[in-house]
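Coordinate inspection notes
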There are 2 protein chains.
Amino acid sequence: MTELDIAEVAQRAGVPASTLRFYEEKGLIASTGRRGLRRQYDPGVLERLALIALGRTAGFSLDEIALMFTPEGEPRIDRRMLTDKAEELDRRIRELGALRDSLRHAAACPAPRHLECPTFRRLLDAAASGGVTTPRRRVPPR
Amino acid sequence: MTELDIAEVAQRAGVPASTLRFYEEKGLIASTGRRGLRRQYDPGVLERLALIALGRTAGFSLDEIALMFTPEGEPRIDRRMLTDKAEELDRRIRELGALRDSLRHAAACPAPRHLECPTFRRLLDAAASGGVTTPRRRVPPR
DNA sequence: TCTTGACCTCAAGTCGACTTGAAGTAGAAC
DNA sequence: GTTCTACTTCAAGTCGACTTGAGGTCAAGA
């Protein structure tokens, strides 16, 4: 018996069972059957969940992730999509880096009030003019 | 007459008027008065809005940002909070960097299927084991 | 056989940051 | 004086990813 019970999948994947049901409803994963009421899963679901988790941290939505699987369940990852996302990450990384540097500067800045610190003001102007972007979408806390 | 009409503030700050009202309701900004029904603002509100935008891109919630102003409206930025956030950004940057590299690798990877690519598998394992973190909170699209 | 407890379904709720819609109002142009 | 229109208020809706709650079911252990 190589099938996994939902509780075991939940435990091994580190997500609540409710999330597994939710993913199934969304078509992201599938159970192989039931034992009584309980969903049973093929161990391969763990890999799939890992793929989903990966996609999420890369900033893909669940709907986008759903498109990364063929109807047969094989991952179908568009290389173009990956490079696009890599570039997006690059931009975000540069932004965050600049922001981090400025935060550190502001923290160490000797100016009595932040508004008098030129570095801080530059940051502010950048933020005001949209030079710093807000991310598209975020994941709620676990 | 140095006061700005809400429409002008909205235009100059690049946010809809509804956002200004919302921020006012949250106590993040204040109007100096009304002309008829219309809110009038001190030009200083633009700086304040920039500060808010900055805080948002750094990942602070509106509630956290509200705490960054004294009841008198002066920015009161805790230097400790800034360094903490800088460190948080640092961690996130490192994660995203690793993710970006892996995405690029996967995109260029000659393995016929991603699941057969060792780099991709390593990424997957990291994601599965929670080695890659999901951000706390995200900002919806504009 | 009976009880237990972990699962089940389905609808509704949550969270953050806003947006949208209906119904009203006032300054300004005509 | 009338109309236009951009504002006003307040409640409700939206979006994504789940979680929660009520009421039900069933395999396994005592």
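Our structure's up above, just so we're on the same page.
Here's a quick rundown of the structure.

Procedures and definitions
Residues numbered from 1 in each chain as written. Chains lettered and ligands numbered in written order. Predicted model: local features only at pLDDT ≥ 70, side-chain atom pairs only at ≥ 80, totals over all residues. Heavy atoms only, no water. Helix = DSSP H or I, 4+ residues; strand = E, 2+ residues; numbered from the N terminus. Rg over C-alpha atoms; globule rule 2.2 N^0.38 Å. Buried < 20%, exposed > 50% of the residue type's maximum accessible area, 1.4 Å probe, protein only. Contact = heavy atoms within 4.5 Å. Areas by Shrake-Rupley, 256 points an atom, 1.4 Å probe, with all protein chains shown as cover. Lys, Arg positive; Asp, Glu negative; His and termini not counted. Charge placed at Lys NZ, Arg CZ, Asp CG, Glu CD. Disulfide = S-S within 2.5 Å. Near = heavy atom within 4 Å. Polar contact = N/O pair within 3.5 Å; in protein donor to acceptor, adjacent residues only side chain to side chain. Pairing = 2+ DSSP bridges.

Glancing now at the overall build of chain A. Of the regular secondary structure elements, chain A holds six helices and three strands. Going from N to C terminus, chain A has its helices and strands arranged as β-α-α-β-β-α-α-α-α. Its C-alpha atoms give chain A a radius of gyration of 22 Å, more than 25% over the compact-globule value 14 Å for 142 residues. With respect to the three principal axes, the spread of C-alpha positions in chain A is 70 × 30 × 20 Å. Expressed as a percentage of the 142 residues in chain A, the buried residues total 45%. Across chain A, contacts joining residues at least 24 apart in sequence account for 48% of those joining residues at least 6 apart. Per element, the accessible surface of chain A, about 7,800 Å² overall, is 53% carbon and sulfur. Where the 25 positive side-chain charges of chain A centre and where its 20 negative ones centre are 5 Å apart.

Under the defined criterion, the tally for this structure stands at zero disulfides over all chains. Considering cysteine sulfurs only, Cys117(A) is the nearest to Cys109(A), which forms no disulfide, with 3.2 Å between them.

Below, the discussion takes up the protein's contact with DNA strand D. Close to DNA strand D lie 19 residues, the nearest being Ser18(A), Thr19(A), Tyr23(A), Ala7(B) and Arg21(B). Within 4 Å of the protein, the contacting atoms of DNA strand D are 84% sugar and phosphate, with bases supplying the remainder. Take Arg21(B): an N or O atom from its side chain is 2.7 Å from a phosphate oxygen of DNA strand D. The contact in question runs from a base nitrogen of DNA strand D to an N or O atom on the side chain of Arg38(B), over 3.2 Å. Among the elements that make up the surface near DNA strand D, the one with the highest residue count is helix α2 (residues 17-26) of chain A (four residues).

Below, the discussion takes up the sheet that holds strand β3 (residues 38-41) of chain A. Sheet strands pair by backbone hydrogen bonding; their relative direction is either parallel or antiparallel. Residues and elements named next belong to chain A. Taken in spatial order, the three strands of this open sheet run β1-β3-β2, and their pairing is antiparallel. Of all strands in the sheet, those bounded by a partner on one side alone are β1 (4-5) and β2 (33-35). Summarising the sheet, β2 and β3 pair through three bridges and their orientation is antiparallel. For Arg 35, the partnering residue across the bridge sits in β3 and is Arg 38.

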